[in-house]
Amino acid sequence: MTTNDIEIQNPTYENFKGEIWSKKINAGLDKTCVMLQCVNRDYQADADKGARQINIITPKEVKTGTYSGSISSYGAAESDKAQLKLNQNIYFGFNVPDIDQAQSNVGIMDAIVSKAKTAVESAIDGYLFNEYKNAATTNVAGSSESALTLNAANIYAQFVSLAKMLKTSGAITPQKRGWVVIHPDVEELLLLCDEFTGAANLGDTTLSTGSVGKIAGLEVFVSNNVGKNADGYVILAGTKDAITYASQISKIETLRAFNSFDTIVRGLYTFGALTINPSALAVIKATVE
């Protein structure tokens, strides 16, 4: 047998290029990751350029006064400075049997992307939800030591109170909608609450992707990744002004497995978040009965 008789297999890796994975995974996360529906991505463009630390300057309140023919003082232009650090890293990896077959079967590619997305999603939800600890102290009801008790009879009143916190702090306005993220155990109470309007009954096409309805003017998102701990339940509400988020698919690699005819596909997802407006978050710490 000569060299010319041997068919050299040169599998192409076009379907596994980093930019293709990045677009597919990020698009999937944007559609289904609960907490990503509740944050802003104002600095994503900087992350797309490779920045791992983004400096954010937020102007403080502008001075106002009564005008009576002259202005005596303008006050100094002050700003808060903070840094959005992309310092969270999650890896994912899969063995793909016979890469040529995988490339000829779009369903395999989609299934792999879906699993990679799911693996990353729960970590993002937990990380972003944990920003509840940065809510303004005036916007927190209940505590680990003295949690509020929720039931079907009082849950609507508690959500009205939650929305009021955000309106009082100026976070919710006619132009800025509020959201609330809850655990399925709390959702169960909502479903028994006459005041809760499900998305199916509301017929409101302006609901965000993943929202299950509204209560007290807040869009309701449900996730079993967040909202429950050893002390009870945490209900987090806010507006998109509260938390900013950015991410990168830092690296995508494909390599042949050492001891099989599989291909290994692995990636590194890097992200970070920053609470830039604590007054745009509100929290209830509760138990459920």
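Scoring rules and cut-offs
- Along each chain, residues carry numbers from 1 onward, in the same order as the chain's sequence is written.
- Reporting in this predicted model follows two pLDDT cut-offs: at least 70 for local features of residues, and 80 or more for side-chain atom pairs to be given and counted; totals over whole chains, interfaces and linings ignore these cut-offs and use all residues.
- Hydrogens and waters are ignored; side-chain quantities use all the structure's heavy atoms.
- In this description a helix means any DSSP run of H or I spanning at least four residues, a strand means any run of E spanning at least two, and both kinds are numbered starting from the N terminus.
- One less than the residue count of a helix, multiplied by 1.5 Å, gives the span that helix is expected to have.
- Only protein chains enter the accessibility calculation, which uses a 1.4 Å probe. A residue is then buried if its area is under 20% of the maximum for its type, exposed if over 50%, and partly exposed in between.
- To obtain the arc, one takes the directions from the helix axis to the C-beta atoms.
- Think of a nonpolar core as a cluster: buried Ala, Val, Leu, Ile, Met, Phe, Trp, Tyr and Cys residues, connected wherever their side-chain atoms sit within 4.5 Å.
- The salt bridge definition used is simple: a Lys or Arg side-chain nitrogen within 4 Å of an Asp or Glu carboxyl oxygen.
- Any two strands with at least two DSSP-identified bridges between them are counted as paired.
- Angles shown run from 0 to 180 degrees and are taken between the N-to-C directions of axes, each axis being a line fitted to C-alpha atoms and, for helices, limited to the stretch in contact.
- The pocket and cavity definitions rest on a 1 Å grid over protein atoms only: a 1.4 Å probe that fits but cannot leave marks a cavity, an open set with protein on both sides within 12 Å along at least five of seven lines marks a pocket, and residues lining either have an atom within 4 Å of a point.
- Grid points are joined across faces, edges and corners, and a volume is the space filled by probe spheres set on the points.
- In this count, Pro and Cys sit with the nonpolar residues alongside Ala, Val, Leu, Ile, Met, Phe, Trp and Tyr, while Asp, Glu, Lys and Arg are called charged and the others, Gly among them, polar.
- Two rings from Phe, Tyr or Trp (for Trp, the six-membered ring) form a pair when their centres sit within 6.5 Å of each other. Planes less than 30 degrees apart are called stacked, planes more than 60 degrees apart edge-to-face, and all others tilted.
- Sulfur atoms of two cysteines make up a disulfide when they are within 2.5 Å.
- Note that patches include only residues with greater than 30% relative accessible area and no salt bridge, and the join distances are 9 Å for like charges and 5 Å for nonpolar side chains (Val, Leu, Ile, Met, Phe, Trp, Tyr).
- All accessible areas in this document rest on Shrake-Rupley with a 1.4 Å probe, and a residue is counted as covered only by the protein chains that are shown.
- pLDDT runs from 0 to 100 and stands for how confident the predictor is about each residue.
- We call two residues contacting when some pair of their heavy atoms lies within 4.5 Å.
- Whenever a nitrogen or oxygen atom comes within 3.5 Å of another N or O atom, the pair is scored as a polar contact, on the condition that within protein one atom can donate a hydrogen and the other can accept it, and that pairs from neighbouring residues in sequence are kept only if both atoms are in side chains.

A short note on helix H5 (residues 155–168)
Now for step 1: Here H5 is 14 residues long and its end C-alpha atoms lie 20 Å apart, about the 20 Å a rise of 1.5 Å per residue gives.
Now for step 2: If you check which residues of H5 are buried, you get Ile-155, Phe-159, Leu-162, Ala-163, Met-165 and Leu-166. Projected down its long axis, H5 shows its buried positions confined to an angular sector of 145°, all on one face. Residues of H5 that are exposed and point more than 90 degrees away from the buried face comprise Lys-164, Lys-167 and Thr-168.
Now for step 3: One or two residues past the end of H5 sits Gly-170, with phi positive at roughly 85°.

Points about the nonpolar core
Now for step 1: Counting residues in hydrophobic clusters, the biggest one holds 64 residues, and the most contacted among them are Ile-124, Leu-128 and Phe-159.
Now for step 2: Take this core: its biggest share by element is seven residues, from helix H4 (residues 106–129).
Now for step 3: Ranked by size, the runner-up nonpolar core spans seven residues in total, among them Ala-47, Leu-84, Ala-246 and Leu-274.

Overview of the pattern of salt bridges
Now for step 1: Scanning the entire structure with this criterion turns up three salt bridges.
Now for step 2: For Arg-177, the salt bridge goes to Glu-219, with nearest N and O atoms at 3.9 Å. Placement of the pair is Arg-177 in the loop between H5 and strand E6 (178–182) and Glu-219 in strand E9 (residues 218–222), with a sequence separation of 42 residues.
Now for step 3: The exposure class assigned to Glu-219 is buried, which follows from its relative accessible area of 5%.

Re the sheet that holds strand E13 (residues 262–275)
Now for step 1: Strand order in this open sheet of three strands is E3-E13-E12, and the pairing throughout is antiparallel. The open sheet has two edge strands with one neighbour each: strand E3 (88–97) and strand E12 (243–256). Neighbour to neighbour, the strand axes of the sheet diverge by 15° on average, direction disregarded.
Now for step 2: Of the strand pairs in this sheet, E12 and E13 are connected by 13 bridges, and their pairing is antiparallel. Along E13, the bridge assignment pairs Ser-247 with Phe-271.

Observations concerning the layout of surface pockets
Leftover empty space is mapped by rolling, across the atoms, a probe with the size of a water molecule.
Now for step 1: One number sums up the size of the largest pocket: a volume of about 450 Å³.
Now for step 2: Along its surface, the largest pocket is lined by 18 residues, and Thr-58, Pro-59, Asp-80, Ile-276 and Asn-277 are the ones closest to its centre.
Now for step 3: Broken down by element, the residue count for the lining of the largest pocket peaks at four residues, all from strand E1 (residues 53–59).
Now for step 4: For the lining of the largest pocket, the per-class residue count stands at seven nonpolar, four polar and seven charged.

A look at the packing of aromatic side chains
The geometry of two aromatic rings is summed up by the distance between their centres and the angle between their planes.
Now for step 1: Following the criterion strictly, the structure yields four aromatic pairs and no others.
Now for step 2: Centroid distance Phe-129 to Tyr-132: 5.9 Å. Interplanar angle 55°. Geometry classified as tilted. In this structure, Phe-129 and Tyr-132 share a single accessibility class: buried.
Now for step 3: Between the aromatic rings of Tyr-245 and Phe-271, the centroid separation amounts to 6.0 Å while the plane-to-plane angle is 35°, which identifies the pairing as tilted. Here the residue Tyr-245 occupies a position in strand E12, and Phe-271 occupies one in strand E13, the gap between them amounting to 26 residues.
Now for step 4: Chaining the aromatic ring pairs together yields one cluster made of Tyr-127, Tyr-245, Tyr-269 and Phe-271.

Some details on the state of the cysteines
Now for step 1: Taken as a whole and assessed by the stated rule, the structure comprises zero disulfides.
Now for step 2: Cys-38 takes part in no disulfide bond, and the closest cysteine sulfur, belonging to Cys-33, lies 9.3 Å away.

Observations concerning a nonpolar patch on the surface
Now for step 1: Together, Tyr-67, Ile-71 and Tyr-74 make up a nonpolar patch on the protein surface, roughly 410 Å² of accessible area in all.
Now for step 2: Its place among the elements puts Tyr-67 in the loop between E1 and strand E2 (79–85).

Observations regarding unusual backbone geometry
Now for step 1: Positive phi values are uncommon outside glycine, yet Ala-216 reaches one of about 55°.
Now for step 2: With respect to the helices and strands, Ala-216 occurs in the loop between strand E8 (211–215) and E9.

As for the confidence of the model for the protein chain
Now for step 1: Residues at a pLDDT of 70 or more form 81% of the protein chain, whose mean pLDDT is 82.
Now for step 2: Mean pLDDT across the elements of the protein chain bottoms out in helix H7 (residues 199–202) (51) and peaks in strand E11 (residues 232–238) (97).
Now for step 3: Counting contacts from residues 1–13, a segment whose pLDDT is below 50, to residues more than four positions away or on other chains yields twelve contacts.

Describing the environment of Asn-40
Now for step 1: For Asn-40, the location among the structural elements is in the loop between helix H1 (18–32) and helix H2 (44–48).
Now for step 2: Ignoring any residue separated from it by four or fewer positions in sequence, one finds Asn-40 in contact with Lys-240, Asp-241, Ile-243, Thr-244, Tyr-245 and Ile-276.
Now for step 3: Here the side chain of Asn-40 touches Asp-42 through a polar contact of 3.3 Å, landing on its backbone nitrogen.

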